[in-house]
Amino acid sequence: MSTCKLPAANSHPGVDFRAGIERLRKEKNAVILAHYYQAAEIQDLADFIGDSLDLSRKAAATDAEMIVFCGVRFMGEVAKILSPEKKVVIPDMEAGCSLEEACPADKLAQFKKEHPDHLVVTYINSSVEVKALSDYIVTSSSALDILAAIPQDRPILFAPDRHLGSWVKRQTGRDMTLWPGSCIVHEDFSEEGLLELKRKLPQAPVAAHPECPFSILRHADHVGSTTSIIEFVRTRPEKEFIIATEKHIFHQMAKENPDKIFHAAPGAMDGDCKCAECPFMALNTLEKVWLALRDEKPEIVIAEDLRKQALKPLQRMLDITAAKAAQSAA
Ligand code: 13P
Ligand code: SF4
């Protein structure tokens, strides 16, 4: 899929989508969850915005009858795995992820057959079928805690993000085989462009998502999940920042820090398209959120056996991170 996008067509001219969403969410006892990479107008109407771990916890804990998940398909699947009794709808079933595409379940099953001693540690950006074949799920914010909890004597396959995997490998020194997947958005950032921008803005700290290649991460002052990047810019005294992640994160950062300036790390396609924009996340529009609420579709449906299998490694992650949070709070 191209990283350039055309404006989405509105097939319901004259409809006030915001008002419609307000009415329907109450009528249907629905909660709207949104990722930080969603368009500003979607973030602004969500009940909760977060990174993948925050959103998983929220999906598990909500008492709403319906979850409208504004993100990409695997995020809706996670909500359904954790809350099978709830109806989970997403604005667009085509909203996939290049990481998910890089790791088909049959190829992972083949790897497991050839390497029966390996523990499979899988990034949450993966299909429900791949999760069902995994031993542990991680997010960018939980990966180091999960690795610390995994038996030291076992070799690990880390799938499907080789850049996140390589960052985790460097941080932990663990023996890890990396699946050759990557995020098309984060892989696009240019080291040369970043160094040029750093020369112009020597005071500006760099915050990067660990889906970026090491050529970017090695110049970063902070590496972490979307939530941690937002926290970083909130708590640092500097007034200008260079950000290497999907551009819609700027919306919350600008809202919270009106006195600070955020610069996008340059992409390799500068001068052509260079969007730092996820084309999958960009498929969601206010109109589609309204339609999803109104028609209760497209709905995420997962066979119960598959759901139960995928729940095991996901629940392991939630249990490990909850124990870690309780430990830190004590
Ligand atoms: P986090 O929000 O968990 O950091 O994930 C980023 C991402 O790429 C989601 O697709
Ligand atoms: Fe997948 Fe990258 Fe888009 Fe996140 S930003 S959904 S990792 S393609």
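These numbers were taken from a predicted model, which means no experiment stands behind them. Every chain is numbered on its own, with residues counted from 1 as its sequence reads. Labels are handed out in written order, letters beginning with A for the chains and numbers beginning with 1 for the ligands. With the structure being a predicted model, the display of local features is reserved for residues of pLDDT at least 70 and the display and counting of side-chain atom pairs for 80 or more, all residues being used for whole-chain, interface and lining totals. Based on all heavy atoms of the structure, the side-chain values leave hydrogens and waters out of the count.

Enquirer: I'd like a description of the nonpolar core, backed by residues and values.
Expert: Generally speaking, a soluble globular protein has its nonpolar side chains buried in company with each other. Among the nonpolar cores identified, the biggest contains 67 residues, and Ile 67, Phe 69, Val 121, Ile 124, Ile 242, Leu 314 and Met 317 are the most heavily contacted of them. Element by element, the count of residues in this core is highest for helix α4 (residues 73-82), at 6 residues. Any two residues whose heavy atoms approach within 4.5 Å at even a single point are treated as in contact. The contacts of Ile 242, once residues within four sequence positions are left out, are Leu 194, Leu 197, Lys 198, Leu 201, Ala 204, Pro 205, Val 206, Ala 207, His 263 and Ala 265. Leu 24, Ile 49, Phe 241 and Val 289 belong to the second-largest nonpolar core, a separate cluster that totals 31 residues. Side-chain atoms within 4.5 Å are what join buried Ala, Val, Leu, Ile, Met, Phe, Trp, Tyr and Cys residues into a set we call a nonpolar core. Under the scheme applied here, a residue whose accessible area is under 20% of the maximum for its type counts as buried, over 50% as exposed, and between as partly exposed, the area being computed with a 1.4 Å probe on protein chains only. Each helix is a run of DSSP H or I of at least 4 residues and each strand a run of E of at least 2, with the numbering of both proceeding from the N terminus.

Enquirer: Describe the site of ligand 1, naming the residues involved and giving the relevant values.
Expert: One heavy atom within 4 Å of a molecule or strand makes the whole residue count as near it. Near ligand 1, the surroundings consist of 13 residues, among which His 35, Ser 140, His 209, Glu 211 and Thr 226 are the closest. At a separation of 3.2 Å, an oxygen atom of ligand 1 approaches a polar side-chain atom of Asn 125. A 1.4 Å probe and the Shrake-Rupley method give the accessible areas. Residues count as covered only by the protein chains that appear here. Taken by itself ligand 1 offers 300 Å² of open surface, and the protein chains cover 96% of this. Throughout this description, a polar contact denotes any pair of N or O atoms lying within 3.5 Å of each other; where both atoms belong to protein, one of them has to be capable of donating a hydrogen while the other can accept it, and for residues adjacent in sequence the pair is counted only when both atoms sit in side chains.

Enquirer: Break down helix α15 (residues 304-329) for me, citing the residues and quoting the values.
Expert: A helix is expected to span 1.5 Å for every residue after the first. In this model, α15 (26 residues) spans 35 Å end to end at C-alpha, consistent with the 38 Å of a helix rising 1.5 Å per residue. Along its length, α15 shows its largest kink, about 30°, at Lys 312, and proline Pro 313 lies within four residues downstream of that point. Arg 307, Ala 310, Pro 313, Leu 314, Met 317, Leu 318, Ile 320 and Thr 321 are the residues of α15 that are buried. Looking at the buried side of α15, the elements it contacts are α3 (52-61), α4, α7 (128-132), β6 (136-138) and α8 (143-149). Think of it this way: the bend at a residue is just the angle between two axes, each fitted to seven residues, one set ending at that residue and the other starting at it.

Enquirer: Go over the packing of α4 against α15, please, and point to the residues and values.
Expert: Lines fitted to C-alpha atoms define the axes, with helix axes restricted to the stretch in contact, and inter-axis angles between N-to-C directions lie between 0 and 180 degrees. Packing of α4 against α15 brings their axes to within 9 Å, and their N-to-C directions diverge by 95°. Here α15 runs roughly perpendicular to α4, going by the angle between their axes. Packed against α4, whose contacting residues are Val 78, Lys 80, Ile 81 and Leu 82, the element α15 presents Arg 307, Ala 310, Leu 311, Leu 314, Gln 315 and Leu 318 at the interface. The cut-offs work like this: below 35 degrees is roughly parallel, past 145 is roughly antiparallel, 65 to 115 is roughly perpendicular, and the gaps in between are oblique.

Enquirer: How would you summarise helix α14 (residues 286-295) if you had to cite specific residues and measurements?
Expert: Along α14, the residues classified as buried are Leu 286, Glu 287, Val 289, Trp 290, Ala 292 and Leu 293. Looking at the buried residues of α14, the elements they touch are α1 (17-27), β1 (30-35), α2 (40-45), β3 (66-70) and β4 (87-89). Within two residues after α14, Glu 296 carries a phi angle of roughly 55°, on the positive side.

Enquirer: Kindly report on the packing of α3 against α4, identifying the contributing residues and their values.
Expert: Packing of α3 against α4 brings their axes to within 8 Å, and their N-to-C directions diverge by 35°. Once α3 is placed against α4, the crossing between them reads as right-handed. Contacts between α3 and α4 involve Ser 52, Ser 56, Ala 59 and Ala 60 from the first element and Met 75, Val 78, Ala 79 and Leu 82 from the second. Split by residue class, the contact of α3 with α4 holds 6 nonpolar, 2 polar and no charged. Each helix crossing is assigned a hand: it is left-handed if the near helix lies turned anticlockwise from the far helix by less than a right angle, otherwise right-handed if that turn is clockwise. Polar here means any residue outside two lists: the nonpolar Ala, Val, Leu, Ile, Met, Phe, Trp, Tyr, Cys and Pro, and the charged Asp, Glu, Lys and Arg; Gly therefore counts as polar.

Enquirer: Can you explain the pairing of strand β5 (residues 119-123)? Please cite residues and give values.
Expert: In terms of burial, β5 is largely enclosed, as 5 of its 5 residues are buried. Of the two faces of β5, the one carrying Leu 119, Val 121 and Tyr 123 and the one carrying Val 120 and Thr 122 are both buried. For two strands to be treated as a pair, DSSP must find no fewer than two bridges joining them. Across 4 bridges, the pairing between β5 and strand β7 (residues 156-159) is parallel. Its bridge partner lying in β7, Val 121 is registered against Phe 158. Inspection of the sheet shows β5 paired to β6 by 3 bridges, in the parallel sense. Within β6, the residue paired with Thr 122 across the bridge is Ile 137.

These figures capture arrangement, not role.
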